[in-house]
Amino acid sequence: MTLRRAFRASILHCLADPGEANASSAIEYFDDGLLVVNNGLVEQLGPAAALLAGLSADVELIECRDKLIIPGLIDCHVHYPQIDMIASYGTQLLDWLERYAYPTECRFSDAQHAAEVAAYFADALLRNGTTTALVFATVHVESADAIFAAAEQRGMRLIAGKVLMDRNCPEQLRDGPDGGIEASRKLIDRWHGKGRLSYAITPRFAITSSNRQLQAAGELAAEFPDVYLQTHLAENAAEIDMVAKLFPKNRSYYDVYDRFGLSRARSVFAHCLNIDDADRQQLQRRGAAIAFCPGSNLFLGSGLFDLRSASNSRIRVGIGSDVGGGSSLNLLRTLSDAYKALQLNGQSLPGFRALYLATLGAAKALYLDDRIGNFASGKEADFIMLDSSSSPAVKRRLSQSTDVAEKFFALMTLGDDRAVAATYLMGRSVFTAGE
Ligand code: GUN
Ligand code: ZN
């Protein structure tokens with residue numbers, strides 16, 4: 001079996017943040033490019049004309065010149081158990097949790113159910129071009145085991161954690177007297193650093209954890225600095241009011257997490273719609289990241305994220321689908337929502353910046369930019385092939401342009417899961433449309 005493969009296609013990736021001042025060198029594009037993969041890692045990238053001549057005979061050449069290769073997409077915030085209640089009608093966050101999310105999550109005490117949903121979810125990610133995700137399970141250990149096993153089986157780089165909750169939620173979803181800490185510790189032991197998997201300590205949000213549980217989660221985070229931490233922050237007005245009542249002494253919602261030691265490198269806060277400059281400064285100082293979840297913010301009517309202020313504060317930001325609050329796992333759809341949500345907030349999002357938020361920027365948010373996010377030599381060869389004729393609308397619009405920035409923006413605006421022709425993990429095909 002050949003270990004080396006070369007993919008000939010149009011190839012696009014980010015070298016840096018196109019939103020920053022010296023943006024001209026942030027993007028690399030080869031109209032007729034060659035991506036050489038050796039043993040799952042990127043060996044070389046460049047113009048096909050130059051590289052083909054020097055390619056040794058043992059390299060398997062894969063011709064896909066009508067496709068656009070980009071790095072695998074990275075979802076910085078998603079709830080796998082909510083895949084079955086996606087697109088639930090008519091409520092905002094707190095009612096939505098009670099009416100739809102919690103009842104759905106109750107079913108995950110059943111390991112068999114968890115395994116079936118996890119397998120569906122992992123395949124759905126790959127079908128949508130998402131190769132890495134930071135994932136909420138439910139409070140049940142079985143649910144975390146199931147998503148890790150599904151990712152391991154498929155060779156995906158994935159981070160997940162069992163939810164921590166011990167108040168203001170249904171009895172069946174409540175952690176026991178030790179606040180779920182020992183269960184989290186066992187899961188860290190079982191999965192963190194195993195192959196491409198990492199663990200995330202996962203207090204759901206400040207409303208559903210007692211002071212004691214938040215304190216214990218902070219202590220666990222300090223004990224395991226290379227383990228992730230994920231939670232929700234300042235998403236919805238009623239939620240923010242309730243947090244202010246539960247934690248009257250804290251300066252802000254963010255401050256609650258900060259004081260319990262939950263904000264540090266590898267902490268990812270979803271939403272952050274209502275934070276101030278003091279919070280931003282502290283988020284940046286701590287090395288924490290924000291998951292920008294525009295699909296969810298629109299669907300649940302939560303509000304508009306201020307990307308410009310986050311960027312000006314130099315906070316790490318990645319895109320998140322937040323399914324089931326978000327109504328699509330597809331990150332092209334989510335980026336299109338991002339553009340629209342930012343427009344409503346007097347901001348904009350060029351296509352290349354959107355690409356960054358779902359690839360290299362997301363990898364930086366997750367401290368994985370030494371492994372994934374672009375095609376720098378030595379990185380893991382997770383990538384997708386996009387199809388510029390995936391629907392009549394995409395085909396017609398893209399035929400009107402030869403400029404790659406314009407084409408990518410149109411593809412992100414018009415595209416959906418049909419645009420993903422193939423998905424590769426470490427140079428290995430894991431999804432091909434139509435097969
Ligand atoms: N805040 C607390 N839990 C959740 C959840 O499951 N989804 C979203 N969008 N926000 C939350
Ligand atoms: Zn969420």
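Quick caveat, the model's predicted, so the values are computed rather than measured. (Residues numbered from 1 in each chain as written. Chains lettered and ligands numbered in written order. Predicted model: local features only at pLDDT ≥ 70, side-chain atom pairs only at ≥ 80, totals over all residues. Heavy atoms only, no water.)

Asks: Looking at this structure, how should I read the pattern of salt bridges?
Replies: Side chains that differ in charge, positive against negative, can pair when their charged atoms come close. With the rule as written, the count across this model stands at 28 salt bridges. Between arginine 5 and glutamate 60 there is a salt bridge whose closest N-O contact spans 2.9 Å. In this pair, arginine 5 is assigned in strand β1 (residues 4-14) and glutamate 60 in strand β4 (residues 60-71), connecting sequence segments 55 residues apart. Members of the salt-bridge network, linked through shared partners, are Arg8, Asp32, Glu63 and Arg65. (Salt bridge = Lys/Arg side-chain N within 4 Å of Asp/Glu carboxyl O. Helix = DSSP H or I, 4+ residues; strand = E, 2+ residues; numbered from the N terminus.)

Asks: Teacher, can you tell me more about the coordination of the zinc ion (ligand 2) here?
Replies: Around a metal, the perfect tetrahedron of four donors has angles of 109.5 degrees, and the perfect octahedron of six donors has angles of 90 or 180 degrees. Here the zinc ion (ligand 2) is held by His77 (NE2), His79 (NE2), His232 (NE2) and Asp322 (OD), and the distances to it run 2.0 to 2.2 Å. Taken together, the four donor atoms coordinating the zinc ion (ligand 2) span angles of 91 to 166° at the metal, a pattern that classifies the geometry as irregular. We note that the donor set of the zinc ion (ligand 2) lies within a single chain, spaced as H-x1-H-x152-H-x89-D. The pair histidine 77 / histidine 79 is uniform in exposure class, with both members buried. (Donors = N, O, S within 2.8 Å, 3.2 Å for Na, K, Ca; no water. Tetrahedral: all angles 85-135°; square planar, octahedral: opposite > 155°, others 65-115°. Buried < 20%, exposed > 50% of the residue type's maximum accessible area, 1.4 Å probe, protein only.)

Asks: Even after reading the chapter, I still don't get the site of ligand 1, so can you show me in this structure?
Replies: Around ligand 1, the neighbouring residues are His79, Gln82, Leu93, Trp96, Leu97, Arg204, Phe205, His232, Glu235, His271, Ser296 and Asp322. One nitrogen or oxygen atom from the side chain of arginine 204 is found 2.7 Å from an oxygen atom belonging to ligand 1. A distance of 2.7 Å separates a nitrogen atom of ligand 1 from a polar side-chain atom of aspartate 322. If ligand 1 stood free it would expose 270 Å²; the protein chains cover 100% of that surface. Take the shell around ligand 1: its biggest share by element is three residues, from helix α2 (residues 93-106). (Near = heavy atom within 4 Å. Polar contact = N/O pair within 3.5 Å; in protein donor to acceptor, adjacent residues only side chain to side chain. Areas by Shrake-Rupley, 256 points an atom, 1.4 Å probe, with all protein chains shown as cover.)

Asks: Is there a simple way to think about helix α13 (residues 351-358) in this case?
Replies: Every α-helix carries 3.6 residues per turn, so stepping three or four residues along brings you back to the same face. For α13, the tally of buried residues reaches eight of eight residues, placing the bulk of the element in the interior. The complete set of buried residues in α13 reads Gly351, Phe352, Arg353, Ala354, Leu355, Tyr356, Leu357 and Ala358.

Asks: Looking at this structure, how should I read the sheet that holds strand β16 (residues 428-432)?
Replies: Backbone hydrogen bonds are what pair the strands of a sheet, in a parallel or an antiparallel way. What the seven strands build is an open sheet, ordered β3-β2-β1-β4-β14-β15-β16; its pairing is mixed. Of all the strands in the sheet, the pair left with one neighbour each is β3 (41-47) and β16. Along the sheet, successive strands turn relative to each other by an average axial angle of 35°, direction set aside. Helix α16 (residues 404-414) contacts β1, β2 (27-38), β4 and β14 (383-387) of the sheet and is inclined by roughly 90° relative to β14. (Pairing = 2+ DSSP bridges. Axes fitted to C-alpha atoms, helices over the stretch in contact; angles between N-to-C directions. Contact = heavy atoms within 4.5 Å.)

Asks: Even after reading the chapter, I still don't get the packing of aromatic side chains, so can you show me in this structure?
Replies: For any pair of aromatic rings, the description consists of the separation of the ring centres together with the inter-plane angle of the planes. Counted under the stated rule, the structure contains 13 aromatic pairs. Ring centres 5.6 Å apart and planes at 40° place the aromatic pair tyrosine 253 and tyrosine 257 in the tilted group. With tyrosine 253 and tyrosine 257 both in helix α8 (residues 253-259), this residue pair falls four residues apart, about one helical turn. Of the two residues, tyrosine 253 and tyrosine 257, both sit in the buried class. (Phe/Tyr/Trp six-rings, centres within 6.5 Å; stacked < 30°, edge-to-face > 60°.)

Asks: For this particular structure, what's the right way to read unusual backbone geometry?
Replies: Glycine aside, the phi torsion of most residues is negative, and most peptide linkages are trans. Looking along the chain, the bond that leaves valine 323 and enters glycine 324 is cis, with omega of 0°. Relative to the helices and strands, glycine 324 is located in the loop between β13 (316-319) and α12 (331-344). Of note in the backbone geometry, tyrosine 367 takes a positive phi value of approximately 55° without being a glycine. As for its position among the elements, tyrosine 367 is in the loop between α14 (360-365) and β14. Non-glycine residue methionine 426 carries a positive phi angle of around 50°.

Asks: Honestly, the environment of glutamate 63 in this entry has me stumped. Any pointers?
Replies: As for its position among the elements, glutamate 63 is in strand β4. Judged by relative accessible area, glutamate 63 falls into the partly exposed class, the value being 48%. Residues glutamate 63 and glutamate 171 lie 108 residues apart in sequence; the distance between their C-alpha atoms is 56 Å.

Asks: Would you mind showing me how to read the pairing of β3 here?
Replies: Each regular strand carries side chains that alternate between the two faces of the sheet. Both β2 and β3 contribute to a ladder of six bridges, which runs antiparallel. Following the sheet pairing, glycine 33 is matched in β3 by proline 47. Connecting the antiparallel pair β2 and β3 is a turn made up of two residues, with asparagine 39 showing a positive phi of about 55°.

Asks: I would appreciate a short explanation of the side chain of histidine 113 in the present structure.
Replies: Here histidine 113 is to be found in helix α3 (residues 111-127). Sequence-distant contacts of histidine 113, defined by excluding residues within four places in its chain, comprise Asp84, Arg107 and Phe108.

Asks: Hey, could you run me through the environment of leucine 12 in this one?
Replies: Its place among the elements puts leucine 12 in strand β1. In this structure, the C-alpha to C-alpha distance between leucine 12 and proline 103, residues 91 residues apart in sequence, is 42 Å. Beyond its immediate stretch of four places on either side in the chain, leucine 12 contacts Ile27, Glu28, Tyr29, Leu68, Ile69, Ile70, Pro71, Phe352, Leu355, Phe375, Val404 and Phe408.

Asks: Would you take a moment to explain the pairing of strand β12 (residues 289-292) for this structure?
Replies: Here β12 shows no split at all, with Ala289 and Ala291 on one side and Ile290 and Phe292 on the other all buried. Sheet analysis places strand β11 (residues 267-271) next to β12, joined by three bridges and oriented parallel. Counterpart to alanine 270 in the pairing with β12 is alanine 291. Taken together, β11, helix α9 (residues 277-286) and β12 form a β-α-β motif whose crossover is right-handed. Of the pairings in the sheet, the one linking β12 to β13 comprises four bridges and is parallel in character. (Right-handed = clockwise from strand over helix to strand, strands pointing away.)

Asks: How should helix α4 (residues 141-154) be read in this particular structure?
Replies: Relative to the 20 Å expected for 14 residues at 1.5 Å per residue, α4 spans 20 Å between its end C-alpha atoms, a close match to the ideal helical length. Those residues of α4 that fall on the buried side of the exposure criterion are Ser143, Ala144, Ala146, Ile147, Phe148, Ala150, Ala151 and Arg154. Trailing α4 by a residue or two, glycine 155 shows a phi angle of about 75°, which is positive. (Expected span 1.5 Å × (residues − 1).)

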